[in-house]
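# Structural overview for review
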Amino acid sequence: MNPPRRSKSESSRDLPAAGPASAVLLDTHVLVWLVVGDGRLRPAARRRIEAAAQEQQLWVSAITPWEIGMLVAKGRLVLDRDVMDWLHAALALPGIRLAPLAPALAVASTRLPGELHGDPADRLIVATARQLGATLVTADLALLAYGHLGHVGVLSAG
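Everything numeric here is computed off the predicted structure, so don't read it as measured data.

## Focus: the packing of helix H3 (residues 64–73) against helix H4 (residues 83–91)
At a minimum axis distance of 10 Å, the contact between H3 and H4 shows a crossing angle of 145 degrees. Judged by the twist between their axes, the crossing of H3 over H4 is right-handed. For the pair H3 and H4, the contacting residues are Pro65, Ile68, Gly69 and Val72 in the first and Val83, Trp86, Leu87 and Leu91 in the second. In terms of residue class, the contact of H3 with H4 is built from seven nonpolar, one polar and no charged.

Printed below as a string of structure tokens:
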């Protein structure tokens, strides 16, 4: 699937160039699973993630640190250290890149094709995957269904 075309008003300095077909974007829970070694991460997904990391094409959305911070603050996620320390370590793993949150991406998340629920974090993650031309690795059934409609490339993580 090709990433959406940019309008003339969107500056190329605001958006990274679309990545190669091997680019992968991790959904928030997949990043957590990867870092903590959670067995729910399917071997095929793990191999795809490792290949993307070797090519420097493994991405995390800028909203993911916020989502992890919120999960910890609400007690829905317990980490083995302070959330900022955990995030620094996770984002320092070989091959992981943090996709910036530019104004054009924020607006693109409000203009996604088809029907997708209103969760702002999920919308930003999908918009980021589309912008990068990346495959979104997720176990979220709503995001997998959205991808199967052809709106974003997806790979089931679990």
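## Overview of the pattern of salt bridges
Scanning the model with the defined rule gives two salt bridges in all. Put simply, aspartate 38 and arginine 40 hold a salt bridge, and the shortest N to O gap is 2.8 Å. A salt bridge links aspartate 80 to arginine 81; the shortest N-O distance between them is 3.0 Å. On the basis of relative accessibility, which here comes to 62%, the residue aspartate 80 falls in the exposed class. Judged by relative accessible area, which is 41%, arginine 81 ranks as partly exposed.

## Observations regarding the pairing of strand S4 (residues 135–138)
Alternating residues of S4 divide into Thr135 and Val137 and Leu136 and Thr138, and every residue in both groups is buried. Bridge analysis of strand S1 (residues 24–26) against S4 gives three bridges, and the strand direction is parallel. Bridge pairing in S4 places leucine 25 opposite leucine 136. Bridge analysis of S4 against strand S5 (residues 154–156) gives three bridges, and the strand direction is parallel. The residue of S5 that forms the bridge with valine 137 is leucine 155. Note on the crossover from S4 through helix H7 (residues 141–148) to S5: the handedness is right-handed.

## Some details on the confidence of the model for the chain
Residues of the chain with pLDDT of at least 70 account for 87%, and the chain-wide mean is 89. Confidence drops under a pLDDT of 50 for residues 1–19, and excluding neighbours within four residues, the segment shows 32 contacts in the predicted structure.

## Quick word on H3
For H3, every residue scored as buried is listed here: Thr64, Glu67 and Ile68. Relative to the axis of H3, the buried residues are bounded by an arc of 95 degrees and lie together on one face. Of the surrounding elements, those touching the buried residues of H3 are S1, helix H1 (28–36), strand S2 (58–61), H4 and helix H6 (120–132). Phi turns positive, to about 75 degrees, at glycine 75, one or two residues after H3.

Each value, and the rule that gives it
- Residues numbered from 1 in each chain as written.
- Predicted model: local features only at pLDDT ≥ 70, side-chain atom pairs only at ≥ 80, totals over all residues.
- Heavy atoms only, no water.
- Axes fitted to C-alpha atoms, helices over the stretch in contact; angles between N-to-C directions.
- Helix = DSSP H or I, 4+ residues; strand = E, 2+ residues; numbered from the N terminus.
- Left-handed = near helix turned anticlockwise from the far one by under 90°.
- Contact = heavy atoms within 4.5 Å.
- Nonpolar A, V, L, I, M, F, W, Y, C, P; charged D, E, K, R; others polar.
- Salt bridge = Lys/Arg side-chain N within 4 Å of Asp/Glu carboxyl O.
- Buried < 20%, exposed > 50% of the residue type's maximum accessible area, 1.4 Å probe, protein only.
- Pairing = 2+ DSSP bridges.
- Right-handed = clockwise from strand over helix to strand, strands pointing away.
- pLDDT = per-residue confidence, 0-100.
- Arc of directions from axis to C-beta.

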